[in-house]
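A structural walkthrough
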Amino acid sequence: MPLYLDALEAPSLRVVGVTDSAQKTGLSLAKRFGCEVYRNLDNLLDMQTVDFAFVFGRHIDMPTLAGKLIERGIPFAIEKPCGIRAIDVDRLGASAEAKNLYVAVPMIFRMSDTLDIVGHTKTRPDFASFRFMTGPPSRYEAAGTPWMLRFDLAGGGPLINLGVHFIDLFSVLARDEIVSVSAVSSSEINGLSIEDVISVRMVTKQNRIGTLECGYIFPSDNKIQREFTFSISSQDSYYASGDDQILVRSKSADGQIETRRIPARLETDVYYPLFVRRVLDEVRAGSVPVAGLRDASRALRIVEAAYLSASRHGMPIQLNALP
């Protein structure tokens, strides 16, 4: 949520209210934006005229919050994963579509330099590998969000919280249905109900392979918060992440291998203010969102399959066999 705040201070916007069921940050936010703080969403919506909402909250509560806004016909953006079960997010998507209601989800790699550089070619990747490691679970305790460390409230750990971004990016690049998922995970480091680290393999209908490793194991501080690396291979090029750049290896017209280094913003936090501005422009223009609830439910279905596979010691899960 803090990544959104600067963009919400734009002169053309007025924040009319914030909710804070945990009674922790609401007063400071209300003071910053010069608005009222409400205990719950119903109180806010009863007291204020709302043109657009930004929804954050415990993963288990997200479907209820989204459902209230859909019922009142208020367009909104909701943080991923939008719930802890794909079936719940599917129902939200169906309800929003029935009302032709704008709902956006910040799958931020759809707005990224990474997609601009890697996705420009018509050649889809045969293989993609992503690695995203962030700080330890203690950072959620320090931030006052201990629910993030409970499987029953968060639906999982780094995969459902962070991995959905890379599942979505792989789906967009592959332009092919993911049909099989396998995973192994460990909760031995911190002994929590969520995973500390997980490794996932996704296979598409046309046998394109995507791998993802994510975890809460990086020794982060204010200088370096995370490790983010990737490599992507297609028939015409090989892409690898670097320091503020993407290395591209490809064949030139005369058949020689050439190397390019293209500057890229790989710090993912920079895209959230862009997301705020983009969704508000989209809803004003009456256009479709950069990503929506159907995209979130697709990613969440992969997450559920990965957790099921991990519980079965890495046994591949065929998605068409799931209920």
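For the structure, check the block above.
Attention in this report is confined to the structure presented alongside it. What you see is a predicted model, and the numbers here were worked out from it, not measured in a lab.

1. Brief notes about the overall build of the chain
Along the chain, the regular secondary structure elements total 11 helices and 14 strands. Rg of the C-alpha trace for the chain: 20 Å, near the compact-globule value of 20 Å for 323 residues, within the 12% margin. Taken along the three principal axes of its C-alpha coordinates, the chain extends 65 × 45 × 45 Å. Evaluated residue by residue, the chain yields a buried proportion of 49% over its 323 residues. Put simply, 66% of the contacts in the chain that link residues at least 6 apart link residues at least 24 apart. Charge separation in the chain, taken as the distance between the mean sites of 36 positive and 38 negative side-chain charges, equals 2 Å.

2. A few points about helix α11 (residues 293-311)
Over its 19 residues, α11 extends 27 Å from the first C-alpha to the last, a length consistent with the 27 Å expected when each residue adds 1.5 Å. Where α11 ends, the next residue or the one after it, His 313, has phi of about 60°, a positive value.

3. Points about the packing of helix α4 (residues 62-72) against helix α5 (residues 86-98)
Any two packed helices are characterised by how steeply their axes cross, that is the angle between the axes, and by the distance between the axes. It is the contact of α4 with α5, at a shortest axis distance of 10 Å, that shows an interaxial angle of 10°. On the basis of their axis angle, the class for α4 and α5 is roughly parallel. Residues Pro 63, Ala 66, Gly 67 and Ile 70 of α4 touch α5, and the partners they reach there are Asp 88, Leu 92, Ser 95 and Ala 96. In the contact of α4 with α5, the residues fall into 5 nonpolar, 2 polar and 1 charged.

4. Digging into the sheet that holds strand β3 (residues 53-55)
One open sheet holds the 3 strands; their spatial order is β3-β4-β5, and the pairing between them is parallel. Each edge of the open sheet is held by one strand with a lone partner, namely β3 and β5 (103-104). Judged from the 3 bridges that link them, β3 and strand β4 (residues 76-78) form a sheet pairing that is parallel. Following the sheet pairing, Val 55 is matched in β4 by Ile 78. Contacts between helix α10 (residues 271-285) and the sheet are confined to β3, β4 and β5, with β3 contributing the most and set at about 135° to the helix.

5. Considering the pairing of strand β12 (residues 245-251)
Alternating residues of β12 divide into Ile 246, Val 248 and Ser 250, all buried, and Gln 245, Leu 247, Arg 249 and Lys 251, none buried. Both strand β11 (residues 237-242) and β12 contribute to a ladder of 6 bridges, which runs antiparallel. Paired with Tyr 238 across the bridge in β12 is Arg 249. Hairpin connection between β11 and β12: a loop of 2 residues separates the two successive antiparallel strands, and Asp 244 in this loop has a positive phi of roughly 55°. Pairing of β12 with strand β13 (residues 257-263) involves 7 bridges; the strand directions are antiparallel. In the strand pairing of β13, Ser 250 is matched with Glu 258.

6. A few points about the side chain of Asp 196
Here Asp 196 lies in the loop between β7 (178-186) and β8 (197-204). One buried charged residue, Asp 196, forms no salt bridge at all, with the nearest opposite charge on Arg 139 at 11 Å. A distance of 2.8 Å separates polar atoms of two side chains, one belonging to Asp 196 and the other to Asn 190. Residue contacts for Asp 196: discarding those within four places in its chain leaves Pro 158, Ser 186, Ser 187, Glu 188, Ile 189, Asn 190, Gly 191, Cys 214, Gly 215, Tyr 216 and Ile 217.

Definitions and limits used
- Numbering of residues starts from 1 in every chain and runs along the sequence as written.
- Note on the predicted model: pLDDT of at least 70 is required for a residue's local features to be given, and 80 or more for side-chain atom pairs to be given and counted; whole-chain, interface and lining totals, by contrast, use all residues.
- Hydrogens and water are ignored here; the side-chain numbers use all heavy atoms of the structure.
- Each helix corresponds to a stretch of at least 4 residues labelled H or I by DSSP, and each strand to a stretch of at least 2 residues labelled E; elements are numbered beginning at the N terminus.
- Here the radius of gyration uses the C-alpha set of atoms, whereas the globule reference equals 2.2 Å times the residue count to the power 0.38.
- Only protein chains enter the accessibility calculation, which uses a 1.4 Å probe. A residue is then buried if its area is under 20% of the maximum for its type, exposed if over 50%, and partly exposed in between.
- Residues count as neighbours in contact if any of their non-hydrogen atoms are within 4.5 Å of one another.
- By the counting rule applied here, Lys and Arg register as positive and Asp and Glu as negative, while His and the ends of each chain are not counted.
- Each charge is placed at NZ for Lys, CZ for Arg, CG for Asp and CD for Glu.
- Expected span of a helix, by definition, is 1.5 Å for each gap between consecutive residues, and there is one gap fewer than residues.
- Axis lines are fitted through C-alpha atoms, for helices just across the contact stretch, and the angle between N-to-C directions can take any value from 0 to 180 degrees.
- Angles below 35 degrees are treated as roughly parallel, those above 145 as roughly antiparallel, those between 65 and 115 as roughly perpendicular, and all remaining angles as oblique.
- Following the grouping adopted for this structure description, the nonpolar residues are Ala, Val, Leu, Ile, Met, Phe, Trp, Tyr, Cys and Pro, the charged ones are Asp, Glu, Lys and Arg, and the polar ones are all others, Gly among them.
- Any two strands with at least two DSSP bridges between them are considered paired.
- Salt bridge, as applied in this entry: a Lys or Arg side-chain nitrogen positioned within 4 Å of an Asp or Glu carboxyl oxygen.
- Pairs of N or O atoms are called polar contacts if they sit within 3.5 Å, as long as, within protein, a hydrogen donor faces a hydrogen acceptor (for residues adjacent in sequence, only side-chain-to-side-chain pairs).

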